[in-house]
Every structure is written in C-alpha cells, then in structure tokens.
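Report on the structure
Listed here are the chains, written in short residue letters.
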Amino acid sequence: EKYGDQKAFGYKVGDVRGGVGVYVPLKPFYALEQNAISGFFWSHGAIWLLGLAGIGFFSRRQHQRRLERDAEQAALKKSEEKFQTLAQISPGGVFHADVAGNCTYVNQKWIEIAGINEEDAMNKGWIQGLYSPDRQRIEQAWRAAVENGTEFRLEYRFQRPDGAITWVLG
C-alpha cells in the first residue's frame with residue numbers, strides 16, 4: 001500500500017484528518033506584560049526624576065556661583081577704583097612692577113619725580129632711569145626680594161633725563 005492511502009491508516013471517507021485545536025489562556029501572559037510595562041515606566045520615570053533633580057540642583061549651584069563671582073568682581077572693581085584714587089592723590093610716587101621687574105603702573109607723582117612719562121616708565125624703563133652707579137645694586141636687591149618673597153625697601157638715586165639726581169625710597 002501507498003503512503004497516505006486512507007486504507008493503510010484506517011481512515012474512511014469523511015473522517016477528520018490533521019485538524020488540531022489548542023486552547024491557551026492568555027490572561028497570565030497579559031498580567032506579566034502589564035507588570036513588565038509598569039516596571040519599565042516606574043524605573044524610567046525614577047531615572048527621569050533623578051535627572052531632572054540633578055539638572056535643577058546643578059543649575060541652582062551654577063547660578064549661585066555666578067552671583068558670588070559677580071559680587072567678587074564688583075568688590076574687586078571697587079577696590080581697584082579706591083587704589084587708583086589713593087595712588088593719584090598720594091603725595092609720594094607710586095609704581096608697581098611684576099616679578100620680572102617690568103613696570104606695570106606709575107602714578108603722576110612718580111612721573112614728576114622720575115622726570116619721564118608713563119610710556120617710558122613701563123617695562124624696564126624704571127631700571128633705565130636709575131642712577132648708573134646704583135643700578136646693579138638695586139637690580140640685585142630687587143631680584144633677591146622677588147626670590148625671597150620679601151618687601152623691596154631700599155634708598156637709591158634716580159637720574160632724571162635732565163641730569164638731576166632724585167633720592168627715592170623704594
């Protein structure tokens with residue numbers, strides 16, 4: 001007999017062959033899916049809230065730092081204006097040099113004492129105006145004060161362009 005022949009397997013005409021039905025209850029699977037979706041929303045919602053709180057915290061902190069920086073800059077500007085006013089009305093000559101010995105500021109009285117203008121005094125101009133016999137001693141004292149972090153306090157002579165000698169205490 002041939003494969004699939006009805007008589008070989010005991011089938012008769014009209015018998016149901018190959019029909020299978022399966023019943024699967026989906027309610028437990030829907031419950032699992034709802035739990036997964038709920039967990040997803042809660043976990044992602046918590047992460048979102050933490051992120052939002054972090055953004056708020058750091059924005060507030062940044063704003064506070066900006067306010068502090070603005071206050072510091074205002075105080076610095078006020079202090080600088082006070083220094084400028086005091087230096088301008090001071091009866092003594094005032095100059096400032098950086099650690100390399102470059103002059104960065106002179107007041108009007110210092111210009112009168114030195115006999116040179118502000119532009120000529122800048123950078124190493126103040127050193128060039130020192131009385132020649134005193135120059136090496138003063139430069140060495142300046143460097144020592146800078147290296148040791150001590151105050152530069154020395155009496156020396158300054159030679160004006162017109163040849164006049166002026167004693168200064170620096």
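Here's a quick rundown of the structure. Counting of residues starts from 1 at the beginning of each chain's written sequence and follows it residue by residue. This being a predicted model, a pLDDT of at least 70 is required before a residue's local features are given, and a value of 80 or more before pairs of side-chain atoms are given or counted; all residues contribute to the totals for chains, interfaces and linings. Side-chain numbers come from the whole structure's heavy atoms, not from hydrogens or water.

1. Let's talk about the nonpolar core
Residues belong to one nonpolar core when they are buried, are Ala, Val, Leu, Ile, Met, Phe, Trp, Tyr or Cys, and are joined through side-chain atoms within 4.5 Å. Under the scheme applied here, a residue whose accessible area is under 20% of the maximum for its type counts as buried, over 50% as exposed, and between as partly exposed, the area being computed with a 1.4 Å probe on protein chains only. One finds Val106, Trp110, Trp126, Leu130, Ile138, Phe152 and Tyr156 to be the most contacted residues of the largest nonpolar core, which totals 18 residues. A run of DSSP states H or I qualifies as a helix once it reaches four residues; a run of E qualifies as a strand once it reaches two. Both are numbered from the N-terminal end. When residues of this core are traced back to their parent elements, those giving at least two are β2 (103-106), α3 (108-114), α5 (125-128), α6 (132-148) and β3 (155-159). Should any heavy atoms of two residues lie within 4.5 Å, those residues are considered in contact. Excluding its chain neighbours within four sequence positions, the residues that come into contact with Val106 are Val94, Phe95, Ile111, Glu118, Ala121 and Met122.

2. Things to note about a nonpolar patch on the surface
Residues Val22, Val24, Leu26, Phe29, Tyr30 and Leu32 make up a contiguous nonpolar surface patch of about 660 Å² in total accessible area. Looking at the element boundaries, Tyr30 is found in helix α2 (residues 27-89). Patch building starts from residues that exceed 30% relative accessible area and form no salt bridge, then joins like charges within 9 Å and nonpolar side chains (Val, Leu, Ile, Met, Phe, Trp, Tyr) within 5 Å. Only the protein chains shown count as covering a residue, and every accessible area follows the Shrake-Rupley method with a 1.4 Å probe. Between Lys or Arg on one side and Asp or Glu on the other, a salt bridge is scored when a side-chain nitrogen of the former is within 4 Å of a carboxyl oxygen of the latter.

3. As for the environment of Phe152
Mapped onto the elements, Phe152 comes out in the loop between α6 and β3. Taking the C-alpha atoms as reference, Phe152 lies 6.1 Å from Trp142; in sequence the two are 10 residues apart. Excluding residues that lie within four positions of it along the chain, Phe152 makes contacts with Ile138, Ala141, Trp142, Ala145 and Gly170.

4. Side note on the packing of aromatic side chains
A ring pair, where both rings are aromatic, is described by two values, the distance of the centres and the angle of the planes. The criterion for an aromatic pair is that two Phe, Tyr or Trp rings (for Trp, the six-membered ring) have centres within 6.5 Å, with stacked assigned to planes under 30 degrees apart, edge-to-face to planes over 60 apart and tilted to the rest. Per the counting criterion, the structure on display carries seven aromatic pairs. Ring geometry for Phe152 versus Tyr156: centroids 6.2 Å apart, planes at 45°, classification tilted.

5. Details of the pattern of salt bridges
What the rule picks out here adds up to five salt bridges. Put simply, Arg137 and Asp134 hold a salt bridge, and the shortest N to O gap is 3.7 Å. Placement of both Arg137 and Asp134 in helix α6 is noted, with a separation of three residues, approximately one turn of the helix. Overall, Asp134 belongs to the buried group, its relative accessible area being 4%. Residues joined by salt bridges that share partners form a network here, namely Asp134, Arg137 and Arg157.

6. Thoughts on α6
The periodicity of an α-helix, 3.6 residues per turn, causes residues three or four positions apart to be oriented the same way. Across its 17 residues, α6 extends 25 Å between first and last C-alpha, which sits within 8% of the 24 Å expected from 1.5 Å per residue. Every buried residue of α6 is listed here: Asp134, Ile138, Trp142 and Ala145. The elements touched by buried residues of α6 are β1 (95-97), α5 and β3. Taken from the residues just after α6, Gly149 is the one with a positive phi, measuring 70°. By this rule the span expected of a helix is its residue count minus one, scaled by 1.5 Å.

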